[in-house]
Amino acid sequence: MRSEWRGGQGERPQRPQRAERSDRPGGGEWRSDRPGGGERRAPRTPRRDDVQTLGQATGGPRRQGSGGPGSPQRDRIKAARQPIRDRDLFPEGYTDERDTTEVPDGIRLQKVLAQAGVASRRACEEMIGEGRVTVNGQVVRRFGAKVDPAAQVIHVDGKRIPTAPDLVYYALNKPIGVVSTMDDPQGRPCLADYVEELAPRLFHVGRLDTETEGLLLLTNDGELANRLTHPSYGVQKKYWAKVPGPIPRDLGRRLKQGIELEDGLVRADSFSIVQEHGQQALVEVVLHEGRKHVVRRMLEETGHRVIDLARIEFGPVKLGRTKPGTIRALTLKEVGELYAAVKL
């Protein structure tokens, strides 16, 4: 509406009245008694640092009863608020990642990692801040995050970390003459003689023949043990066998093409000659089969009787310098690589 000046002879003009805002919802119209009044101003646009609640239109009136119990406004949590971000810096549709891994009564993540032997607590905090740690598949960057190490799966740099306090992992160099069982009715030496004081309910991963020595894994992690022994995961085992020489050139090709045994065809993943000396040779056979006496039967089928046999590797774990009859705890790196080999 046009402003009006009222005045008569000798009468001073009155001071213009203060502009009044329209009572319309979202009021974008202003009324003024100043000259040139009646112009319409555009509604205020939100600033860049304004915060918009998801699911609510900006600038609109608040509905009646929006703060009542059970309403969306009442139930909305603070994490549901996303700031309006600069499109040049953030891709379209970007939202802050919500942390769903928090366990209120849990243990701080950096402490769990340090106790597992990953690094010092300070170094673990740096790993968390760099986004190198995931809990149940979600990246966690908060130093004070609390987790349940017995129930949640934690990875560092893509490798799983054994954090459950009651799980143990060992490597034993089984001597010749020891039975690969925890108890032997005939009273022969067995695995229990080496591990009975380490942890309750330990069991061996696979078997080795009584006359075969070498690497045998023991753990109470049933899920890992089952996968390591299942042929579908293809975890390779490496053996060294002493056989009569000389070794024909086509032996490796024949083993890799497959040898027909009474319980089916078996193929070696690789074969090589480690050493030849006189009438004996040391050969290396790699395969992921787990049948009974499989290496001995393969070589004997090709005319090479096994004199001595030892397993020197099980997946990523190596026998190394572990002496016969001695046992050692697996390193954090070895356990993580075992998990990765069976996709855990």
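Use the structure listed above.
All values derive from a computational prediction rather than experimental measurement.

Chemist: Even after reading the chapter, I still don't get helix H5 (residues 222-229), so can you show me in this structure?
Modeler: An α-helical turn contains 3.6 residues, so a residue and the one three or four places further along point in the same direction. Those residues of H5 that sit buried are Leu-224, Ala-225 and Leu-228. In a view along the axis of H5, the buried residues occupy a sector of 100°, so they form one face of it. On its buried face, H5 sits against strand E11 (169-174), strand E12 (203-205), strand E13 (213-219), strand E19 (308-314) and helix H8 (332-341).

Chemist: Where do I start with the side chain of Thr-302 in this structure?
Modeler: Examined against the element boundaries, Thr-302 turns out to sit in the loop between helix H7 (294-301) and E19. For Thr-302, a relative accessible area of 10% translates into the label buried. Non-local contacts of Thr-302, meaning those with residues more than four positions away in its chain, are made with Leu-251, Arg-254, Leu-255 and Ile-259.

Chemist: Before we go on, may I ask you to explain the layout of surface pockets in this structure?
Modeler: The method is simple in principle: a probe with the dimensions of a water molecule rolls over the atoms, and the space it marks as empty is what remains. Within this model, the largest pocket holds a volume of roughly 480 Å³. Taken together, 24 residues make up the lining of the largest pocket; nearest its centre are Arg-207, Leu-208, Asp-209, Gly-290 and Arg-291. Elements that contribute at least two residues to the lining of the largest pocket include exactly H5, strand E14 (237-244), H7 and E19. Its residues assigned to classes, the lining of the largest pocket comprises 8 nonpolar, 7 polar and 9 charged.

Chemist: What exactly am I supposed to notice about the sheet that holds strand E10 (residues 159-160) here?
Modeler: Hydrogen bonds between backbone groups are what pair the strands of a sheet, and the pairing can be parallel or antiparallel. The 4 strands are arranged E7-E6-E9-E10 in an open sheet whose pairing can be described as antiparallel. Each edge of the open sheet carries a strand with a single partner, namely strand E7 (138-139) and E10. The pairing of strand E9 (residues 154-156) with E10 spans 2 bridges and is classified as antiparallel. Looking at the pairing, His-155 lines up with Arg-160 of E10.

Chemist: Please clarify how the pairing of E14 should be interpreted in this entry.
Modeler: Regular strands place side chains that alternate from one sheet face to the opposite one. Where E14 meets strand E18 (residues 280-287), 8 bridges bridge the pair, whose relative direction is antiparallel. Note that in E18 the partner of Ala-241 across the bridge is Val-283. Judged from the 6 bridges that link them, E14 and E19 form a sheet pairing that is antiparallel. Its bridge partner lying in E19, Lys-238 is registered against Glu-313.

Chemist: Looking at this structure, I do not really get the environment of Glu-130. What am I missing?
Modeler: Topologically, Glu-130 is positioned in the loop between helix H3 (121-129) and strand E6 (133-135). Each C-alpha atom, one on Glu-130 and one on Arg-141, is 7.1 Å from the other, the two residues being 11 residues apart in sequence. At a separation of 3.2 Å, a polar atom in the side chain of Glu-130 contacts the side chain of Arg-132.

Chemist: Quick question: what am I supposed to make of H7 here?
Modeler: Counting buried positions along H7 yields 6 of 8 residues, so the element is predominantly enclosed. Considered for burial, the residues of H7 that qualify are Val-294, Val-295, Arg-296, Arg-297, Met-298 and Leu-299. Among the structural elements, E14, helix H6 (251-257), strand E15 (259-261), strand E16 (264-266), E18 and E19 are those in contact with the buried residues of H7. Looking at the residues trailing H7, positive phi occurs at Gly-303, about 90°.

Chemist: I would appreciate a short explanation of the packing of aromatic side chains in the present structure.
Modeler: The geometry of an aromatic ring pair is captured by two quantities: the separation of the ring centres and the angle between the planes. Per the counting criterion, the structure on display carries 1 aromatic pair. Ring geometry for Tyr-169 versus Tyr-339: centroids 6.4 Å apart, planes at 75°, classification edge-to-face. Of the two residues, Tyr-169 sits in strand E11 while Tyr-339 sits in helix H8, which places them 170 residues apart along the sequence. By relative accessible area, which is 9% here, Tyr-169 ends up buried. When the ring centre of Tyr-339 is taken as reference, the NZ or CZ atom of Arg-160 above it lies at 4.4 Å. Sitting over the face of the ring of Phe-314, Lys-237 holds its NZ or CZ atom 5.4 Å from the ring centroid.

Chemist: What am I meant to see in unusual backbone geometry here?
Modeler: Peptide bonds are, in most cases, trans, and in most cases residues other than glycine have a negative phi. Omega for the peptide link from Gly-245 to Pro-246 comes to -5°, which places this bond in the cis form. Note that Pro-246 resides in the loop between E14 and H6. One non-glycine residue with positive phi stands out, namely Asn-136, at about 55°. If you trace the backbone, Asn-136 turns up in the loop between E6 and E7. Using a relative accessible area of 47% as the deciding quantity, one classes Asn-136 as partly exposed. The phi torsion at Lys-343 lies on the positive side, around 60°, for a residue other than glycine. Along the chain, the position of Lys-343 falls in the segment after H8.

Rules behind the numbers
- Residues numbered from 1 in each chain as written.
- Predicted model: local features only at pLDDT ≥ 70, side-chain atom pairs only at ≥ 80, totals over all residues.
- Heavy atoms only, no water.
- Buried < 20%, exposed > 50% of the residue type's maximum accessible area, 1.4 Å probe, protein only.
- Helix = DSSP H or I, 4+ residues; strand = E, 2+ residues; numbered from the N terminus.
- Arc of directions from axis to C-beta.
- Contact = heavy atoms within 4.5 Å.
- 1 Å grid on protein atoms, 1.4 Å probe; cavity = no way out; pocket = protein on both sides within 12 Å on 5 of 7 lines; lining within 4 Å.
- Points joined across faces, edges and corners; volume = space filled by probe spheres on them.
- Nonpolar A, V, L, I, M, F, W, Y, C, P; charged D, E, K, R; others polar.
- Pairing = 2+ DSSP bridges.
- Polar contact = N/O pair within 3.5 Å; in protein donor to acceptor, adjacent residues only side chain to side chain.
- Phe/Tyr/Trp six-rings, centres within 6.5 Å; stacked < 30°, edge-to-face > 60°.
- Lys NZ or Arg CZ within 6 Å of the ring centre and 35° of its normal.

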